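Architecture at a glance
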Amino acid sequence: MSFDWIAGTGGIGKGEIFRLVGNATLGREESRSAVLTDYRDYCKLHIILSYVARFNRGKRPVFAFGRTGADERGRQLQKEMKRIGLDTRYVKESSAPTKYSVCFLYENGDGGNITSCNDACEQVTEDELLSDLDEVLLNYGNRGIVLGAPEVPLRARLALLKKAKEAGCMTVCSVLAEEAEEFLLQKGAEVCDLLAVNSDEAAAIGKQEGCEKVLLRQNKDISIIMTKGKEGCDVYEKGVQSHVDAISVEAVSTAGAGDALLGGVITGLANGWPLTSSEGQSAIALGVVFASYAVQSPHTIPQHLRWNDAMARAKKYGFNL
């Protein structure tokens, strides 16, 4: 089944990227030289929905729910989002500043980031998300995909997904490792049709038992994507586990790769593709293709990715899209 619209909440912000000198892990009390780059670093919702909006090609509306600050960074981000086809009518301005992050990259392409937690995204409330969703449901019906991504409060995200699921929408979620305990306490898996996590996040959810076992106890029908970097990803769907290898390319930066994969998955699902398939189109295959472009880009959103290029790469590596 294809979908009529996509909406999501999560981080909207921008930051700076430093390239560290040396590959040794940064120490707790260490000072290290780094090159300040002109690479573009974006936050979760913007990255994920950028793929959906760009490759949706005007077929259906893609809504962003959230907040930026009433500042130049926030206004610039809203302009960028509109330019790629994101509908920002539900992105409100806040008295707090726009979310800001500092990303650091090692010479081998690995990296991490430090992100503000006293910003506009933290002021996103349950009430405003539910009100935004009500309006979309009223105007566009219930054949939608709703995403709850990190960098807005978890409780508000889960309330959005609960209402969306009750309305008959498909719900997609991602969770940070530091949110795992609260996610389980709030029975977050019950409101997720699809959960996407990386290895660290999966370990935080599963502890010694295994992520999929813990999640399936809360929701026996949940689908799970576990990304494993250059090893690809594991997918759990309807009790069946499968593995999809990553496309082997020379990595410039791994920042944003998991979000690219999820953006590709949502794009495929919106077009009616199955999550997995032994033959033919699958949403996870499109996600893997998008992730391969993400790791080749110094920016967390690749600036020059084109649909025809992605399809050519998919064919080259045996994905039938």
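Residues numbered from 1 in each chain as written. Predicted model: local features only at pLDDT ≥ 70, side-chain atom pairs only at ≥ 80, totals over all residues. Heavy atoms only, no water.

The next point concerns the overall build of the protein. Check the secondary structure of the protein and you find 10 helices and 14 strands. Viewed in the frame of its principal axes, the protein has a C-alpha envelope of about 50 × 50 × 45 Å. Expressed as a percentage of the 321 residues in the protein, the buried residues total 55%. Pairs at least 24 residues apart make up 70% of the contacts formed inside the protein by residues separated by at least 6 positions. When the accessible surface of the protein is summed, it comes to about 14,500 Å², and 47% of that surface belongs to carbon and sulfur atoms. The protein carries 37 positive and 42 negative side-chain charges, and their two centres are separated by 5 Å. (Helix = DSSP H or I, 4+ residues; strand = E, 2+ residues; numbered from the N terminus. Buried < 20%, exposed > 50% of the residue type's maximum accessible area, 1.4 Å probe, protein only. Contact = heavy atoms within 4.5 Å. Areas by Shrake-Rupley, 256 points an atom, 1.4 Å probe, with all protein chains shown as cover. Lys, Arg positive; Asp, Glu negative; His and termini not counted. Charge placed at Lys NZ, Arg CZ, Asp CG, Glu CD.)

For helix H8 (residues 257-270), spanning 14 residues, the distance from its first C-alpha to its last is 20 Å, which sits close to the expected 20 Å at 1.5 Å a residue. H8 sits mainly inside the fold: 13 of its 14 residues count as buried. (Expected span 1.5 Å × (residues − 1).)

In total, this model carries 7 aromatic pairs according to the counting rule given. With a centroid separation of 6.0 Å and 90° between ring planes, the pair formed by Phe104 and Tyr106 is classed as edge-to-face. Tyr106 gets classed as buried once you look at its relative accessible area, which sits at 9%. Among the aromatic residues, ring-to-ring pairing joins Tyr51, Phe55, Phe290 and Trp307 into one connected group. Lying over the aromatic face of Tyr51, Arg54 brings its terminal NZ or CZ to 5.9 Å of the ring centre. The aromatic ring of Tyr293 is capped on one face by Arg313, whose charged end is 3.8 Å from the ring centroid. (Phe/Tyr/Trp six-rings, centres within 6.5 Å; stacked < 30°, edge-to-face > 60°. Lys NZ or Arg CZ within 6 Å of the ring centre and 35° of its normal.)

Our next topic: the pairing of strand E14 (residues 240-244). As defined by bridge partners, strand E13 (residues 233-237) adjoins E14 across 5 bridges and the pair is classed as antiparallel. Following the sheet pairing, Tyr236 is matched in E14 by Gln241. Between E13 and E14, which pair antiparallel and follow one another directly, the connecting turn spans 2 residues, one of which, Lys238, has a positive phi of 55°. (Pairing = 2+ DSSP bridges.)

Positive phi, close to 55°, is recorded for Lys187, a residue that is not glycine. Along the chain, Lys187 turns up in the loop between helix H5 (180-185) and strand E11 (194-198). Even without being glycine, Lys207 reaches a positive phi, approximately 50°. Mapped onto the elements, Lys207 comes out in the loop between helix H6 (199-206) and helix H7 (211-218). Given the relative accessible area of 64%, Lys207 is considered exposed.

Looking now at helix H3 (residues 126-140). Along its 15 residues, H3 runs 21 Å from first to last C-alpha, staying within 8% of the 21 Å computed at 1.5 Å per residue. Buried within H3 are the following residues: Glu128, Leu129, Leu130, Asp132, Leu133, Val136 and Leu137. Check the buried side of H3 and you find it contacts strand E1 (5-9), strand E5 (62-69), strand E6 (91-94), strand E9 (144-148) and helix H4 (154-167). Trailing H3 by a residue or two, Gly141 shows a phi angle of about 85°, which is positive.

Now for the pairing of E1. Taken across its 5 residues, E1 has 5 buried, putting it largely inside the fold. The two faces of E1 match: Trp5, Ala7 and Thr9 on one face and Ile6 and Gly8 on the other face are all buried. Looking at chain direction, E1 and E9 are connected through 5 bridges and run parallel. From the neighbouring strand, Trp5 faces E9, where its bridge partner is Gly144.

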